[in-house]
Amino acid sequence: MDVSVKQTSVCILDDAGKILKEVKVASEPQALLKVLANPAYCFKRIGLEAGPLSQWLFSALAEASLPMICVETRHMQAVLKAQINKTDRNDARGIAQMMRVGVYRVVHVETLRSQKLRMLLTHRKLLQSKAIAIENDLRGTLRNFGLKVGMVGTVRFEARIQELVEMIPDLMGLVEPMLVVRRALREQMVILHRRLLAIVRDDEVCRRLMTTPGVGPVVALTYRATVDVPARFRKSKSVGAVFGLTCSKYQSGEIDRNGSISRCGDEMMRVMLYEAAQSMLRSKKWCWLKAWALQIARRRGMKRAIVALARRLAVIMHRIWIDGTEFRWTQEPTAAAA
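Residues numbered from 1 in each chain as written. Predicted model: local features only at pLDDT ≥ 70, side-chain atom pairs only at ≥ 80, totals over all residues. Heavy atoms only, no water.

Draft legend 1. Broad picture of the sheet that holds strand β1 (residues 2-3). If you trace the 3 strands from one edge of the open sheet to the other, you get β1-β2-β3, paired in antiparallel fashion. Two strands bound the open sheet, and with one partner strand each, they are β1 and β3 (19-26). Bridge analysis of β1 against strand β2 (residues 7-13) gives 2 bridges, and the strand direction is antiparallel. Each bridged residue has a counterpart across the sheet, and for V3 the counterpart in β2 is T8. On top of the sheet, helix α4 (residues 88-101) reaches β1, β2 and β3; it is set at about 45° to β2, its chief contact. (Pairing = 2+ DSSP bridges. Helix = DSSP H or I, 4+ residues; strand = E, 2+ residues; numbered from the N terminus. Contact = heavy atoms within 4.5 Å. Axes fitted to C-alpha atoms, helices over the stretch in contact; angles between N-to-C directions.)

See below:
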């Protein structure tokens, strides 16, 4: 199924690759079920590309006992590039052939709870970024008139702006609407942040994740919503690779080099892990994990040490979640057990 906002192209193949049916229907579960629930067909795999509507359609069709598979977008697009003509019909045919021969990468579809947590985190981040953008814009535009805001915190920012422009009525009329919008953004962001803290306070997994140094409520809840089902990772070491924190590799003939991190997977989670690693290294608290990261910093530099620490944090938090334990600040119990 090639899904778009309004319509979905459906292509049904048999095991030999022969086209049995091609049809375009509305991108609604009821319209798709009219085609897929036909008793004349016995489906082995039904694939749809990951996208804005994929979670909604996947859940609705999976409840109808259909063998749904959500496919990774970048891998799907790379395969479909071989087509000369790009149309929805040809894309549906290509996806059907990939599902028939098994050339696809499965994407985990988040549960409804994780989707709601993700929405909370995204909205909070959006309000925060817009408020910061307004503050930076005010700093830059006022500097053109020789008015320097200087080092001032979030609480005193509005008072400082009003202090600078109080003697210039023209500027006051231009600045006031921006301050009103910023004030509203900050107030609503506080409401969402309090709701986030309430969720973390009542979540036993998040509380255990927060025993890890550098991990606060936002990082813990982001990890909880992104991983969703920890059992989907057979090994904890693979979590870092899924979040794009492992080195990419290029090898062809005599060329063999390791590049920067792959940056695949969830960007928000990757940023949160990076910030958690920075927070740990800046903290005065000492633990074996911080000592390990500082040893890497001496050999390879601080930037690589932060990335390595972020990757290891993802692995440790997964083990904490799976084992039902808390972070151990020393390695003595582990050595004694060995």
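There is more to say after this.
Draft legend 2. Up close: the pattern of salt bridges. All chains considered together, the criterion is met by 15 salt bridges. For the salt bridge of K249 with D256, the shortest nitrogen-to-oxygen distance reads 2.8 Å. Salt-bridge contacts for R319 lead to D323; the nearest nitrogen and oxygen are separated by 2.7 Å. Taken together, the residues span about one helical turn, with R319 and D323 both in helix α13 (residues 302-323) at a distance of 4 residues. Since its relative accessible area comes to 35%, R319 is described here as partly exposed. Salt bridges linked by common partners bring E22, R89 and R93 together as one network. (Salt bridge = Lys/Arg side-chain N within 4 Å of Asp/Glu carboxyl O. Buried < 20%, exposed > 50% of the residue type's maximum accessible area, 1.4 Å probe, protein only.)

Draft legend 3. Broad picture of the pairing of strand β6 (residues 247-252). Here 5 bridges tie β6 to strand β7 (residues 255-261), and the two strands are oriented antiparallel to one another. Looking at the pairing, Y250 lines up with R257 of β7. What sits between the antiparallel neighbours β6 and β7 is a turn of 2 residues, in which G253 has the positive phi angle 65°.

Draft legend 4. Highlighting the packing of aromatic side chains. Using the criterion set out here, one finds 5 aromatic pairs in the structure. Taken together, the ring pairs in this structure connect Y223, F243 and W321 into an aromatic cluster. Just above the ring of W292 sits the side chain of R312; from NZ or CZ to the centre is 4.5 Å. (Phe/Tyr/Trp six-rings, centres within 6.5 Å; stacked < 30°, edge-to-face > 60°. Lys NZ or Arg CZ within 6 Å of the ring centre and 35° of its normal.)

Draft legend 5. Main features of the packing of helix α5 (residues 112-143) against helix α7 (residues 169-202). Remark: α5 packs on α7, axes separated minimally by 9 Å, with the N-to-C direction vectors making an angle of 150°. Judged by the angle between their axes, α5 and α7 are roughly antiparallel. In this structure, α5 crosses over α7, and the sense of that crossing is left-handed. Class assignment for the residues of the contact of α5 with α7 results in 18 nonpolar, 4 polar and 7 charged. (Parallel < 35°, antiparallel > 145°, perpendicular 65-115°, else oblique. Left-handed = near helix turned anticlockwise from the far one by under 90°. Nonpolar A, V, L, I, M, F, W, Y, C, P; charged D, E, K, R; others polar.)

Draft legend 6. Spotlight on the nonpolar core. If you look at the biggest cluster of nonpolar residues, it comprises 62 residues, and the most contacted ones within it are I161, L221, Y223, F243, L273 and L289. Where this core is concerned, the elements lending two or more residues are α5, α6 (157-165), α7, α8 (204-209), α9 (217-227), α11 (267-282), α12 (288-300) and α13. Of the residues forming this core, the biggest block, 10 residues, is contributed by α13. Residues in contact with I161, not counting those within four places in the same chain, are L138, L142, V149, V175 and L179. Of all hydrophobic cores here, the second largest spans 16 residues; its members include V35, L48, C70 and V109. (Core = buried A, V, L, I, M, F, W, Y, C linked by side-chain atoms within 4.5 Å.)

Draft legend 7. Broad picture of α12. The end-to-end C-alpha distance of α12, which contains 13 residues, comes to 18 Å, matching closely the 18 Å that a straight helix rising 1.5 Å per residue would cover. Here α12 has its buried residues at L289, K290, A293, L294, I296 and A297. On an axial view of α12, the arc spanned by its buried residues comes to 155°, and they lie on one face. Exposed residues pointing more than 90 degrees away from the buried face of α12 are listed as R298 and R299. Contacts made by the buried residues of α12 are with α11 and α13. Within two residues after α12, G301 carries a phi angle of roughly 105°, on the positive side. (Expected span 1.5 Å × (residues − 1). Arc of directions from axis to C-beta.)

Draft legend 8. Broad picture of unusual backbone geometry. Not every positive phi belongs to a glycine, and S65 is a case in point at roughly 65°. Tracing the backbone through its elements, the reader meets S65 in the loop between α2 (54-63) and β5 (68-71). Although it is not a glycine, R263 adopts a positive phi angle of roughly 60°. Relative to the helices and strands, R263 resides in the loop between β7 and α11. Judged by its relative accessible area of 56%, R263 falls in the exposed class.

So yeah, pure geometry; function would need other evidence.
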